[in-house]
Amino acid sequence: MNPPRPVIVGTGIAGLWTAWRLASEGRRTVVLTKETLADSASAWAQGGIAVALGPGDSPSQHAADTMAASDGLADPEAVRILTSEGPGRIYELLALGARFDRGPDGRLGFGLEAAHTRPRIIHSGGDRTGAALIGCLAQVVRSHPLIELMEHTEVTAVLVSDARTVGVAVLREDGVSRPIAASAVVLATGGVGQLYAVTTNPRVATADGWAVAHRAGAELRDIEFLQFHPTALKLPGINPAPLISEAVRGAGAVLVDRDGHRFALDADPRGELAPRDVVARAVAVADAAGGAWLDARDIEDFATRFPGITAILAEHGIDPLRDALPVAPALHYAMGGVRTDLEGRSNLPGLWAVGEVASTGVHGANRLASNSLLEGLVFADRAGHALAAEPGRGDSPRPLPDFPLQEETGADAQCDGIRRTMREIMTGCVGIQRTEASLLHAEQELARLTRETPSSAWRTRNQLLVATLITEAARRRRESRGGHRRLDYPPAALRRETA
Ligand SMILES: Cc1cc2nc3c(=O)[nH]c(=O)nc-3n(C[C@H](O)[C@H](O)[C@H](O)COP(=O)(O)OP(=O)(O)OC[C@H]3O[C@@H](n4cnc5c(N)ncnc54)[C@H](O)[C@@H]3O)c2cc1C
């Protein structure tokens, strides 16, 4: 029997980078993912990675922008680490073979996105940054002799014995459940978008990491802070909603209402490039009043700069040079998550978290655009280093105690209606604007849905659990801050205006 290895759950940027870092330090590791390696939000990232490498830029300027976007809640040390260690990770990516778009002079090209004070976003293949990055890391991970990859392997629980993480329970594609012993478990399971009716997140983003961490006894924090992207393509009935990257607004596209009025300027003098929460609320208001459109017709080289978005639009018969794009806000990103220290350790010994599932405190109440891929690299790297340095290489294998394992019962498939109702409740009552009444209503409805869900439908139960935790956290926070807007507790600036 081999000694247990660290088990990494998830093959987005955070999971792949953790695996590579551990392996590059000589540690064997197992990487699990519930579908294929390529199924992740990371692979879909469009705009790029924010990093202070451009002319006249500096990590301290990037940090100042990140702090400002966070609405006063980001941890300054986490932000310092993100922005100062970011450039080093990008150089490592380049050394691994990642390619970023360059200008005619051969230097990296930098795009502009909202709330950045200067162009800072490096990108690949125009708007296909995520696919390029994951393609590069996939090659590295698949060919590394110290990394074992298990696709179609869904983690259903974190296993704990004597107050320590000892492994995970998994369900394989063939319907077989089994425990896997681990010297440590690193959750890199991404976001929670699929709890909402309108989201840009892929189907795999069902909040599993938060559910299994919470059930195991790990602490979640700041989970009420969710970011709604202002410009998802409005195509009723399509899940996920295709994203129109902020980089399109950075390139000059403007938002107009049904009268052709450029309404974003009414909300903020920065207009389309105001922070995401401001623009998202303005789009929601325009949408409710008759519609919101992103007009990109003046971007002549649209297809060259945004080939991925052009292809998505073409699938739906939309030509960005001819048509204004119908848009609406969509749940996009979770700022909070499993509380970790700055090396990825949760409060539960042996359980780590990196990437979107984690809360290092780096985003505070609102994430600065394109900081999440960077977060995935920087904090996964720190976790990988710290884990590699942990004692335990020579651990002799300990038999795992008996744990109840989740089986494939088919019950979740029959709870489709319950999940649909949950998603509508979350979008309607725990969405872009919240009130005590809407949150209370959501709590009651989620409790009813939970009662109606058989325990054999454990995936649905997990999603309802996380939806309830988000709602409770949103009720507890009696203020408006960043991505959390309470109509009954308006932000201080708005209160002054009203007075
Ligand atoms: C459309 C879109 C565009 C974006 N564009 C940008 C951008 O330009 N720049 C930027 O910085 N950010 C962007 N983001 C956000 C960014 O992509 C994500 O925050 C980031 O990629 C998250 O990385 P991750 O590794 O933490 O998780 P993910 O990339 O989401 O990966 C999570 C992994 O965990 C696996 N998993 C989940 N549950 C289980 C389970 N129970 N068992 C086993 N495996 C499981 C999933 O299958 C997946 O492999 C975008 C997001 C979206 C949706």
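Source: prediction; values computed, not measured.

Asker: Please clarify how the domain arrangement of the chain should be interpreted in this entry.
Answerer: The accessible area lost on association of the parts is a frequent measure of interface size. Segmentation of the chain into domains returns domain 1 (5-224 + 335-389), domain 2 (231-331) and domain 3 (413-476). On a C-alpha basis, the centroid separation for the pair domain 1 and domain 3 is 26 Å. With 17 residues of domain 1 at the interface, the matching set in domain 3 holds 20 residues. Considering only the side of domain 1, the residues that lose the most area to domain 3 are Leu-195, Tyr-196 and Glu-224, jointly responsible for 36% of the buried surface there. Inspection of the region where domain 1 meets domain 3 yields one salt bridge. Connecting domain 1 to domain 3 are eight residue pairs in polar contact (both at pLDDT 80 or more). Sorting the residues of the side of domain 1 that touches domain 3 by element identifies strand E6 (153-161) and helix H5 (208-216) as the ones contributing at least two each. If you tally residues by element for the side of domain 1 that touches domain 3, the top one is H5, at four residues.

Asker: Would you mind going over the sheet that holds strand E14 (residues 337-339) with me for this structure?
Answerer: Pairing between the strands of a sheet is mediated by backbone hydrogen bonds and can be parallel or antiparallel. With respect to topology, three strands assemble into an open sheet ordered E9-E14-E16, the strand pairing being mixed. Each edge of the sheet is formed by a strand with only one pairing partner; in this case those strands are strand E9 (220-221) and strand E16 (358-359). For E14 and E16, the ladder comprises two bridges, and the chain directions are parallel. In the strand pairing of E16, Arg-339 is matched with Ser-359.

Asker: What am I meant to see in the packing of aromatic side chains here?
Answerer: In this description, an aromatic ring pair is defined by two values, namely the gap between the centres and the angle between the planes. Within this structure, the stated rule accounts for three aromatic pairs. Geometrically, the ring pair formed by Tyr-196 and Phe-228 is edge-to-face, given 5.9 Å between the ring centres and 75° between the ring planes. Residue Tyr-196 is found in the loop between strand E8 (177-187) and H5, and its partner Phe-228 is found in strand E10 (residues 226-233); the two are separated by 32 residues along the sequence. Judged by relative accessible area, Phe-228 falls into the buried class, the value being 10%. Judged by centre distance (5.1 Å) and plane angle (55°), the rings of Phe-302 and Phe-306 are tilted. Seen from the ring of Tyr-333, Arg-367 lies directly overhead, with NZ or CZ sitting 4.2 Å from the centre.

Asker: What is the right way to look at helix H13 (residues 436-452) in this model?
Answerer: For an α-helix, the turn length of 3.6 residues means that residues three or four places apart are oriented alike. Here H13 is 17 residues long and its end C-alpha atoms lie 24 Å apart, about the 24 Å a rise of 1.5 Å per residue gives. For H13, the complete set of buried residues consists of Ser-438, Leu-439, Ala-442, Glu-443, Leu-446 and Leu-449. Along the axis of H13, the buried positions cluster into a sector of 140°, meaning they face one direction only. Opposite the packed face of H13, turned more than 90 degrees from it, sit the exposed residues Ala-437 and Arg-451.

Procedures and definitions
Residues numbered from 1 in each chain as written. Predicted model: local features only at pLDDT ≥ 70, side-chain atom pairs only at ≥ 80, totals over all residues. Heavy atoms only, no water. Domains from an automatic or database assignment. Contact = heavy atoms within 4.5 Å. Buried area = accessible area lost by both parts, 1.4 Å probe. Salt bridge = Lys/Arg side-chain N within 4 Å of Asp/Glu carboxyl O. Polar contact = N/O pair within 3.5 Å; in protein donor to acceptor, adjacent residues only side chain to side chain. Helix = DSSP H or I, 4+ residues; strand = E, 2+ residues; numbered from the N terminus. Pairing = 2+ DSSP bridges. Phe/Tyr/Trp six-rings, centres within 6.5 Å; stacked < 30°, edge-to-face > 60°. Buried < 20%, exposed > 50% of the residue type's maximum accessible area, 1.4 Å probe, protein only. Lys NZ or Arg CZ within 6 Å of the ring centre and 35° of its normal. Expected span 1.5 Å × (residues − 1). Arc of directions from axis to C-beta.

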